[in-house]
Amino acid sequence: MTDNDPHLANGLLPGIIAGLLATLAGAAGYGALIAFSGYEIGFAAIGVGLLVGLAMIAVRPTSPVLPPLAAFFSLAGAALGQIAGAVVVWARLSGEDYGSALVRILDAFPDALRNDPMSLLFWVVAAYAGFSFVNRRVKTAREAHDARAASSVPQPDKAAEHVNYFEPKKQP
């Protein structure tokens, strides 16, 4: 691969890797917060989205694929963190092992979301945060690239546009 390879220049692969790592770190942090406090703090879910967005813009992406991926990673990280925290809390309270607690939490999870739609709201805000950070960076980078490309293209001379080719040239 050369330095001019478009796949390296758009930051797609580094953005995906950074986003996945931030998703896992954010989910672990959110799960630990729920596990240690015993409360689901919705603003921490938004923190997962911010973490994913910041991690993905750190690689200076220009690929338009990354903003929707940032939204998905943010949403998934918030959901995984909430599930992980609930599993730890349930295992601690019931005395079950983590595998049994995970099965029990996953079975009850859809009903819990229907009873508490605020969790979904915080997940959507987390997804929006991740999307908007990365989307703003991608748009800015693409506009700067387009401006550089436009300035390097030679512009036609305005005086040459009104030349009458049937009239003899004036001698200096």
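Refer to the preceding data block for the structure.
Right, let's walk through the structure included here.

Calculation rules
- Residues numbered from 1 in each chain as written.
- Predicted model: local features only at pLDDT ≥ 70, side-chain atom pairs only at ≥ 80, totals over all residues.
- Heavy atoms only, no water.
- Helix = DSSP H or I, 4+ residues; strand = E, 2+ residues; numbered from the N terminus.
- Buried < 20%, exposed > 50% of the residue type's maximum accessible area, 1.4 Å probe, protein only.
- Contact = heavy atoms within 4.5 Å.
- Areas by Shrake-Rupley, 256 points an atom, 1.4 Å probe, with all protein chains shown as cover.
- Phe/Tyr/Trp six-rings, centres within 6.5 Å; stacked < 30°, edge-to-face > 60°.
- Expected span 1.5 Å × (residues − 1).
- Core = buried A, V, L, I, M, F, W, Y, C linked by side-chain atoms within 4.5 Å.
- Axes fitted to C-alpha atoms, helices over the stretch in contact; angles between N-to-C directions.
- Parallel < 35°, antiparallel > 145°, perpendicular 65-115°, else oblique.
- Left-handed = near helix turned anticlockwise from the far one by under 90°.
- Nonpolar A, V, L, I, M, F, W, Y, C, P; charged D, E, K, R; others polar.
- Salt bridge = Lys/Arg side-chain N within 4 Å of Asp/Glu carboxyl O.
- Patch = residues over 30% accessible without salt bridge, like charges linked within 9 Å, V, L, I, M, F, W, Y side chains within 5 Å.

## Here we look at the overall build of the chain
Part 1 of the reasoning: A count of helices and strands for the chain gives 6 helices and 0 strands.
Part 2 of the reasoning: Ordered by position in the sequence, the α and β elements of the chain form the string α-α-α-α-α-α.
Part 3 of the reasoning: Considering the chain as a whole, with its 172 residues, one finds that 33% of them fall into the buried category.
Part 4 of the reasoning: Counted over contacts in the chain with a minimum sequence separation of 6, partners at least 24 positions apart contribute 74%.
Part 5 of the reasoning: Carbon and sulfur atoms form 67% of the exposed surface of the chain, whose accessible area is close to 11,200 Å².

## Describing the packing of aromatic side chains
Part 1 of the reasoning: If you walk through the whole model with that rule in mind, you get 3 aromatic pairs.
Part 2 of the reasoning: Where F43 meets F122, the ring centres are 5.3 Å apart and the plane angle is 70°; that geometry is what we call edge-to-face. You can see F43 sitting in helix α3 (residues 42–57) and its partner F122 sitting in helix α6 (residues 117–152), a full 79 residues away along the chain.
Part 3 of the reasoning: Note on F109 and W123: the rings are 6.0 Å apart at their centroids and 20° apart in plane angle, and the pair reads as stacked. Taken together, the residues span a long stretch of sequence, with F109 in helix α5 (residues 98–115) and W123 in helix α6 at a distance of 14 residues. As far as burial versus exposure is concerned, F109 and W123 are alike and both buried.

## Here we look at α3
Part 1 of the reasoning: For α3, which comprises 16 residues, the first-to-last C-alpha distance of 23 Å matches the rise-based estimate of 22 Å (1.5 Å per residue) to within 8%.
Part 2 of the reasoning: When we look at burial in α3, the residues that qualify are G42, A45, I46, V48, G49, V52, G53, A55 and M56.

## Some thoughts on the nonpolar core
Part 1 of the reasoning: Formed by 17 residues in total, the largest nonpolar core has its most connected members in Y30, A45, I83, V87, I105, F109 and W123.
Part 2 of the reasoning: Elements represented by at least two residues in this core include exactly α2 (12–37), α3, α4 (66–94), α5 and α6.
Part 3 of the reasoning: In this structure Y30 touches E40, I41, G42, A44, A45, V48, A78, G81 and Q82, once residues within four positions along its chain are discounted.
Part 4 of the reasoning: If you look at the next biggest cluster of nonpolar residues, it comprises 10 residues, including A22, L66, V134 and V138.

## Some remarks on the packing of α4 against α5
Part 1 of the reasoning: One way to put it is that α4 packs onto α5 with a least axis distance of 9 Å and a crossing angle of 120°. Classed by the angle they form, the pair α4 and α5 counts as oblique. The two elements α4 and α5 meet at a crossing, and its hand is right-handed. Of the residues in α5, those touching α4 at I83, A86, V87, V88, W90 and A91 are Y98, A101, L102, R104, I105, L106 and F109.
Part 2 of the reasoning: The residue inventory of the contact of α4 with α5, partitioned by class, reads 12 nonpolar, no polar and 1 charged.

## With respect to the pattern of salt bridges
Part 1 of the reasoning: Summed over all chains, the structure comprises 2 salt bridges.
Part 2 of the reasoning: For E96, the salt bridge goes to R104, with nearest N and O atoms at 3.1 Å.
Part 3 of the reasoning: When its relative accessible area of 23% is taken as the criterion, E96 is described as partly exposed.
Part 4 of the reasoning: Given a relative accessible area of 44%, R104 falls into the partly exposed group.
Part 5 of the reasoning: A salt bridge links R114 to D111; the shortest N-O distance between them is 2.6 Å. Of the two residues, R114 and D111 are both situated in helix α5; the distance of 3 residues between them amounts to about one turn of the helix.
Part 6 of the reasoning: Assessed through its relative accessible area of 60%, R114 is described here as exposed.

## Description of a nonpolar patch on the surface
Part 1 of the reasoning: Judged by side-chain polarity, L33, Y39, I41 and F43 come together as a nonpolar surface patch covering roughly 440 Å² of accessible area.
Part 2 of the reasoning: Take F43: its relative accessible area is 63%, and that puts it in the exposed class.

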